[in-house]
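Structural characterization, general
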Amino acid sequence: MHDTTALLIELGAIILALGLLGRIAGRVGFSPIPLYLLAGLAFGHGGIVPLRASEEFVATGAEIGVILLLLLLGLEYSASELVTNLKAQYPSGAVDFVLNAAPGAAAALLLGWGPVAAVALAGVTWISSSGVIAKVLGDLGRLGNRETPVVLGVLVIEDLAMAVYLPILTALLAGVSLAGGALTLVIALGTVGAVLFVALRHGRLISRAVSSDSAEMLLLVVLGLTLLVAGIAQELQVSAAVGAFLVGIALSGETAEGATTLLSPLQDLFAAVFFVFFGLSTDPAAIPPVLVPALLLAVVTALTKVATGWYAARRAGIHGGGRWRAGGTLVARGEFSIVIAGLAVGVEPRIGPLATAYVLILVVVGPLTARFAEPFVRLLIRRRAAPKPSVTAPVPVEAERTETERNETERDETETERTETVTVDA
């Protein structure tokens, strides 16, 4: 009974604190993710008041949070939209991968963490935060802008790439052989291809089978199906998150809309628990030693994301400030970076603190670059284009006197002519 009482008290305190932190973030106009991470750091191992009774429950809730994050993300896109975006934006996706994964991999190798950690840190720096970016676009009223489909296209390609990247990373972290890793990749690609094919050809049938007039039944069926598929995917080493993402893709139409409405509150709750759990599992004392590398990595990858957005918008025929708005919007990192770091901490524990500091920096900087990247560039252009003030050469004293005497002579001659004219008239 005592353990149950302590569990209830700790869970109640956590959920209440999350609600208050979310309200504070909403009033300030920023994503609550940094506050959730800081709360986890404050009450985790090495924090102010470590939470003991609820740790196991929070860990399970964090796994559910990742699954719901990916499910809701998959529900936002239909299979046809994914295929269309993939065909149109794959060059931008390739540039995005090269520019943003390379700094993370290079940093891990320079820090001496090894090749597996390099693959993990490359993913941390590569993937932008779909959740934070979607919120920023809505807050800034840019959902109807010309560059917004370009931004969403890049995000979709990143999400699809996760369906291949996560199984590879999971296999590497598990230490499987080259043949085992190749088999895992084949299974992942086959699963993704099969789901996309079935969703394209029979998506309506799947949605009808899952659909229900009862909100309760729809919630239970979609949530149960998602957890079941996620568990099977985890057993096949394809990643539970990818399995949930594929379930979201397979559902479409009114079923997807209804499921999104019903699951959004659950997703918000468990996603917040996930971020808190990641903070709980990170020792605050481990962050200062990696703060400088995290800051340098944040600066470099912020610039590379801006370059990615600029290139993608340029390919789409967008001119002027739209290119810079697209680049600034893509800077934020968040849920995926934390998910990848959470998988990799078993191999390289220092990835956790580095990823925490990195995400904390960019999840705050991201909304700022989205809002001010274009005005800042315009200000720089105006300063460069402004005409330089002309410098008037000093007039020699003698020339100045000569000019003055000439003016006085002309004035005297004019007055003399007027006097003579008046005398003649008289």
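Quick look at the structure, then. Given the structure is predicted, the values throughout are model-derived calculations rather than measurements.

Take the packing of helix H9 (residues 215-235) against helix H10 (residues 240-250) next. For the pair H9 and H10, interaxial distance at closest approach is 7 Å and the crossing angle is 140 degrees. In terms of their interaxial angle, H9 and H10 are classed as oblique. The handedness of the crossing between H9 and H10 comes out as right-handed. Between H9, through Leu225, Thr226, Val229, Ala230, Ala233 and Gln234, and H10, the contact on the second element is made entirely by Ala240, Gly243, Ala244 and Val247. For the contact of H9 with H10, a count of residues per class yields 7 nonpolar, 3 polar and no charged.

As a further point, take the layout of surface pockets. Taken as a whole, the second largest pocket holds about 580 Å³ of empty space. Elements with a minimum of two residues in the lining of the second largest pocket: helix H3 (55-75), helix H7 (148-174), H9, H10, helix H11 (253-280) and helix H14 (335-344). Broken down by element, the residue count for the lining of the second largest pocket peaks at 5 residues, all from H3. By residue class, the composition of the lining of the second largest pocket is 15 nonpolar, 6 polar and 1 charged.

This part covers the nonpolar core. Leu70, Leu71 and Ile340 are the most contacted members of the largest nonpolar core, which totals 104 residues. When near neighbours in sequence (up to four residues on either side) are disregarded, leucine 71 contacts Val222, Thr226, Ala244, Phe245, Val247, Gly248 and Leu263.

The next thing to look at is H10. Count 3.6 residues to each turn of an α-helix, and residues three or four apart come out pointing the same way. For H10, the buried fraction is high: 11 of the 11 residues fall into the buried class. When H10 is considered as a whole, its buried residues turn out to be Ala240, Ala241, Val242, Gly243, Ala244, Phe245, Leu246, Val247, Gly248, Ile249 and Ala250.

A few words now on helix H13 (residues 321-329). H13 sits mainly inside the fold: 8 of its 9 residues count as buried. Those residues of H13 not exposed but buried are Gly321, Gly322, Arg323, Arg325, Ala326, Gly327, Gly328 and Thr329.

Time to look at the pattern of salt bridges. Considering all chains together, one arrives at 6 salt bridges under this definition. Between lysine 305 and glutamate 158 there is a salt bridge whose closest N-O contact spans 2.6 Å. Taken as a pair, lysine 305 in helix H12 (residues 288-315) and glutamate 158 in helix H7 lie far apart in primary sequence, 147 residues in all. With relative accessibility at 1%, the residue glutamate 158 sits in the buried group. One connected set of salt bridges, linked through shared partners, spans Glu147, Arg325, Glu374 and Arg378.

The rules behind these values
Residues numbered from 1 in each chain as written. Predicted model: local features only at pLDDT ≥ 70, side-chain atom pairs only at ≥ 80, totals over all residues. Heavy atoms only, no water. Axes fitted to C-alpha atoms, helices over the stretch in contact; angles between N-to-C directions. Helix = DSSP H or I, 4+ residues; strand = E, 2+ residues; numbered from the N terminus. Parallel < 35°, antiparallel > 145°, perpendicular 65-115°, else oblique. Left-handed = near helix turned anticlockwise from the far one by under 90°. Contact = heavy atoms within 4.5 Å. Nonpolar A, V, L, I, M, F, W, Y, C, P; charged D, E, K, R; others polar. 1 Å grid on protein atoms, 1.4 Å probe; cavity = no way out; pocket = protein on both sides within 12 Å on 5 of 7 lines; lining within 4 Å. Points joined across faces, edges and corners; volume = space filled by probe spheres on them. Core = buried A, V, L, I, M, F, W, Y, C linked by side-chain atoms within 4.5 Å. Buried < 20%, exposed > 50% of the residue type's maximum accessible area, 1.4 Å probe, protein only. Salt bridge = Lys/Arg side-chain N within 4 Å of Asp/Glu carboxyl O.

Just distances and angles here, no functional claims.
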